[in-house]
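Below, each chain spelled out in residue letters.
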Amino acid sequence: MNRRLFLGTTAAFVGGLAAPAIAQSTGDSVEIEGEISEAVRRNISSFRSLRWQPYFDNLRRGAILVDTTSRALHYWNQEETVYKLYPTSVPMSEELTRRGRTRVARKVEGPSWSPTPSMKIRNPEWPDYVGPGPDNPLGTHALYLGWTYYRIHGTHDTRKIGRRSSNGCIGLYNENISELFELATVGTQVLLI
């Protein structure tokens, strides 16, 4: 690489950093964000923090918002003193994606896992049962939702986070689900959009 090519590439790269819009490739599409004001708080993953009011009437028992487009989970506690934002895995396809309102129905530390009937049809080679441990697809903790077969859970396969990789559930890094597990209660409101 000659000096002129190196300088031109560097200038283009640095110029791209100063651009007023951020482009993010998501496979088939490119998402463009407008100029970001100083008032917008962002974490290192570039997820935007959100206010709870457009999504929930109140924070009774806390609230969890899962945005399947940005692949982020937002949590607010009842007192409005805790706000958490976590990267997630989301379902592989629209057919597997459920949206709407539900609640945390049960909390399990060290969950066991059995594939759903439709998973067994798609993957007959899968085992009928996996106990707690490093081979368990639900990771270290699981929040069972009011919908049958749907959970917010951890994963030992960290490559899945940030991707369309689940069979319907919402996955978090084990350290994140452990934290959320302590914050959420049975009855915490959940909205998937």
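Please read these numbers as outputs of a predicted model, since none were measured by experiment.

Here is what the cut-offs are and how they apply
- Every chain begins its residue count from 1, and numbering advances along the sequence as written.
- Totals for whole chains, interfaces and linings use every residue, but because this is a predicted model, local features are given only for residues with pLDDT of at least 70 and side-chain atom pairs only at 80 or more, for both listing and counting.
- Side-chain calculation: all heavy atoms of the structure are included, whereas hydrogens and water are not.
- A run of H or I in DSSP becomes a helix once it reaches four residues, and a run of E becomes a strand once it reaches two; helices and strands are each numbered from the N terminus.
- Relative accessibility under 20% of the residue-type maximum defines a buried residue, over 50% an exposed one, and the middle range a partly exposed one, all with a 1.4 Å probe and only protein chains included.
- Each accessible area value is a Shrake-Rupley result obtained with a 1.4 Å probe; residue values ignore everything except the protein chains displayed when judging cover.
- By definition, the arc is the one covered by directions from the helix axis to the C-beta atoms.
- What makes two strands pair is DSSP finding at least two bridges between them.
- Comment: axis = line fitted to C-alpha atoms, over the contacting stretch for helices; angle = value between 0 and 180 degrees taken between N-to-C directions.
- Only heavy atoms matter for contacts: two residues are in contact if any of them lie within 4.5 Å across the pair.
- Pairing of aromatic rings covers Phe, Tyr and Trp, the last through its six-membered ring, and needs centres within 6.5 Å; plane angles under 30 degrees mean stacked, over 60 mean edge-to-face, and all others mean tilted.
- Sitting over a ring, as applied to charges here, requires NZ of Lys or CZ of Arg to be within 6 Å of the ring centre and within 35 degrees of the ring normal.
- Values of pLDDT, which run from 0 to 100, indicate the predictor's confidence residue by residue.
- Here, a salt bridge means any Lys or Arg side-chain nitrogen found within 4 Å of an Asp or Glu carboxyl oxygen.

## Side note on the overall build of the chain
A tally of regular secondary structure across the chain gives 3 helices and 12 strands. Counting every position in the chain, which comprises 193 residues, the buried fraction comes to 37%. Summed over its atoms, the accessible surface of the chain is roughly 11,600 Å², and 52% of this surface lies on carbon and sulfur atoms.

## What about helix 3 (residues 174-183)?
Of the positions making up helix 3, those classed as buried are N174, N176, I177, L180 and F181. Taken down its axis, helix 3 places every buried residue within 155 degrees of arc, on the same side. Opposite the packed face of helix 3, turned more than 90 degrees from it, sit the exposed residues E175 and E182.

## Here's the deal with the sheet that holds strand 12 (residues 189-192)
Within a beta sheet, neighbouring strands are joined by backbone hydrogen bonds and run either parallel or antiparallel to one another. Taken in spatial order, the 8 strands line up as 5-4-3-12-7-8-9-11 in an open sheet, and their pairing is mixed. For this open sheet the edge positions go to strand 5 (83-87) and strand 11 (170-173), each flanked by a neighbour on one side alone. Across the sheet, the mean angle from the axis of one strand to that of its neighbour is 25 degrees, orientation sign disregarded. Sheet topology note: the strand 8 (residues 141-145)/strand 9 (residues 151-155) ladder contains 3 bridges and is antiparallel. Bridge pairing links L143 to I152 in strand 9. Across the sheet, helix 3 is in contact with strand 3 (63-67), strand 4 (72-76), strand 5, strand 7 (100-109), strand 8, strand 9 and strand 11; its angle to strand 11 comes to roughly 105 degrees.

## Details of the packing of aromatic side chains
According to the stated counting rule, one finds 4 aromatic pairs in the structure shown. Between F56 and W76, the ring centres sit 6.1 Å apart and the planes meet at 65 degrees, which makes this aromatic pair edge-to-face. Remark: W76 occurs in strand 4 and F56 occurs in the loop between strand 2 (30-33) and strand 3; sequence separation between them is 20 residues. Members of the aromatic cluster, joined through ring pairs, are F56, W76 and Y83. In this arrangement the basic side chain of R106 is found over the ring face of Y144, its NZ or CZ atom lying 4.0 Å from the centre. K107 extends its terminal NZ or CZ atom over the ring of F181, reaching a point 4.7 Å from the ring centre.

## What about the pairing of strand 5?
Judged from the 5 bridges that link them, strand 4 and strand 5 form a sheet pairing that is antiparallel. Residue pairing for strand 5: L73 is matched across the bridge by Y86. Counting the residues between successive antiparallel strands, the hairpin from strand 4 to strand 5 contains 6 residues, one of them, E80, with a positive phi of roughly 65 degrees.

## Re the confidence of the model for the chain
The predicted coordinates should not be examined in detail at positions where pLDDT is low. Per-residue pLDDT for the chain averages 80, and the proportion of residues at 70 or more is 76%. Segment residues 1-45: pLDDT under 50, and 32 contacts once partners within four positions in sequence are set aside and those in other chains are kept.

## Quick word on the pairing of strand 3
When you tally the buried positions in strand 3, you get 5 out of 5 residues, the bulk of the element. Every second residue of strand 3 is oriented toward a common face, with A63, L65 and D67 on one face and I64 and V66 on the other, all of them buried. Hairpin connection between strand 3 and strand 4: a loop of 4 residues separates the two successive antiparallel strands, and R71 in this loop has a positive phi of roughly 60 degrees. Bridge analysis of strand 3 against strand 12 gives 4 bridges, and the strand direction is parallel. Within strand 12, the residue paired with A63 across the bridge is Q189.

## A word on the pattern of salt bridges
As enumerated under the stated definition, the model contains 5 salt bridges in all. Between E94 and R99 there is a salt bridge, with its nearest N and O atoms 2.9 Å apart. For R99, a relative accessible area of 37% puts it in the partly exposed group. Among the charged side chains, a salt-bridge network with shared partners connects E94, R99 and R164.

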